[in-house]
Amino acid sequence: QVQLVESGGGLVQAGGSLRLSCAASESISGINVMGWYRQAPGNQRELVAVMGSSGSRNYADSVKGRFTVSRDNAKNTVYLQMNSLKPEDTAVYLCNLKKLGSPKWDYWGQGTQVTVSS
């Protein structure tokens, strides 16, 4: 079993920044998909950022230019740098790691709360 431990959430003012971390219990070098999702009360879970093992990245329109996914393979950790935060970014953020072609290899972190005050 792979465990993902998320950290870095908190309360910030609009315009502030946070960096979320998702530390895996094993190597992430072979992971195909490293995603960050968020879910606010009453809203669907939304994919906000995703990174492939090659380093390719894609972002939801709502966060483009503000959020950046990165990884440190040596630390088995995926990051989400969030800048210029807005109140609408308030949500529980969850990381998700997948291996394409291996449905059983699909793990989620516990979630970390991000609250952005106006």
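Since the structure is predicted, the reported quantities are computational estimates derived from the model, not experimental observations.

Enquirer: What is the right way to look at the state of the cysteines in this model?
Expert: Per the counting criterion, the structure on display carries one disulfide. Cys22 shares a disulfide with Cys95; S-S distance 2.0 Å. Judged by the sign of its S-S torsion, about 60°, the bond between Cys22 and Cys95 is right-handed. Highlighted residues: Cys22 in strand S3 (residues 18–24) and Cys95 in strand S9 (residues 91–98), separated in sequence by 73 residues. Per residue, the accessibility class of Cys22 equals that of Cys95, and both read buried.

Enquirer: Could you clarify how one ought to interpret the packing of aromatic side chains in this entry?
Expert: Aromatic ring pairs are described here by two measures, namely the spacing of the ring centres and the angle between the planes. Tallied over the entire structure, the rule returns three aromatic pairs. Over the aromatic face of Tyr79 sits the side chain of Arg19, whose NZ or CZ is 4.2 Å from the ring centroid. We note Arg45 situated over the ring of Trp108; from NZ or CZ to the ring centre the distance is 4.9 Å.

Enquirer: Just to check I follow, could you spell out the pairing of S9 for this structure?
Expert: Each regular strand carries side chains that alternate between the two faces of the sheet. For S9, the tally of buried residues reaches six of eight residues, placing the bulk of the element in the interior. One ladder, built from seven bridges, connects strand S4 (residues 33–39) with S9; its direction is antiparallel. Residue pairing in the sheet places Arg38 in a bridge with Tyr93 of S9. Note that S9 and strand S11 (residues 112–117) share three bridges and pair antiparallel. Paired with Val92 across the two strands is Gln113, which belongs to S11. Across three bridges, S9 lies against strand S10 (residues 106–108) in antiparallel orientation. Following the sheet pairing, Leu97 is matched in S10 by Tyr107.

Enquirer: What's the story with the nonpolar core in this structure? I'm lost.
Expert: In globular proteins that are soluble, nonpolar side chains generally tend to be buried together. The biggest cluster of nonpolar side chains holds 32 residues, and the ones touching the most others in it are Trp36, Leu80, Met82, Tyr93 and Leu97. Of all the elements in the fold, those that place two or more residues in this core are S3, S4, strand S5 (46–52), strand S7 (67–72), strand S8 (77–82), S9 and S11. Among residues more than four places away in sequence, those in contact with Leu80 are Leu18, Arg19, Leu20, Trp36, Ala49, Phe67, Thr68, Val69 and Tyr93.

Enquirer: I would appreciate a short explanation of unusual backbone geometry in the present structure.
Expert: Leaving glycine out, the prevailing phi sign among residues is negative, and the prevailing peptide bond configuration is trans. In this structure, Asn76 takes a positive phi of about 55° despite not being glycine. Note on placement: Asn76 falls in the loop between S7 and S8. A positive phi is found at Ser84, a non-glycine position, where the angle reads about 50°. Of note, Ser84 is situated in the loop between S8 and S9.

Definitions and limits used
Residues numbered from 1 in each chain as written. Predicted model: local features only at pLDDT ≥ 70, side-chain atom pairs only at ≥ 80, totals over all residues. Heavy atoms only, no water. Disulfide = S-S within 2.5 Å. Helix = DSSP H or I, 4+ residues; strand = E, 2+ residues; numbered from the N terminus. Buried < 20%, exposed > 50% of the residue type's maximum accessible area, 1.4 Å probe, protein only. Phe/Tyr/Trp six-rings, centres within 6.5 Å; stacked < 30°, edge-to-face > 60°. Lys NZ or Arg CZ within 6 Å of the ring centre and 35° of its normal. Pairing = 2+ DSSP bridges. Core = buried A, V, L, I, M, F, W, Y, C linked by side-chain atoms within 4.5 Å. Contact = heavy atoms within 4.5 Å.

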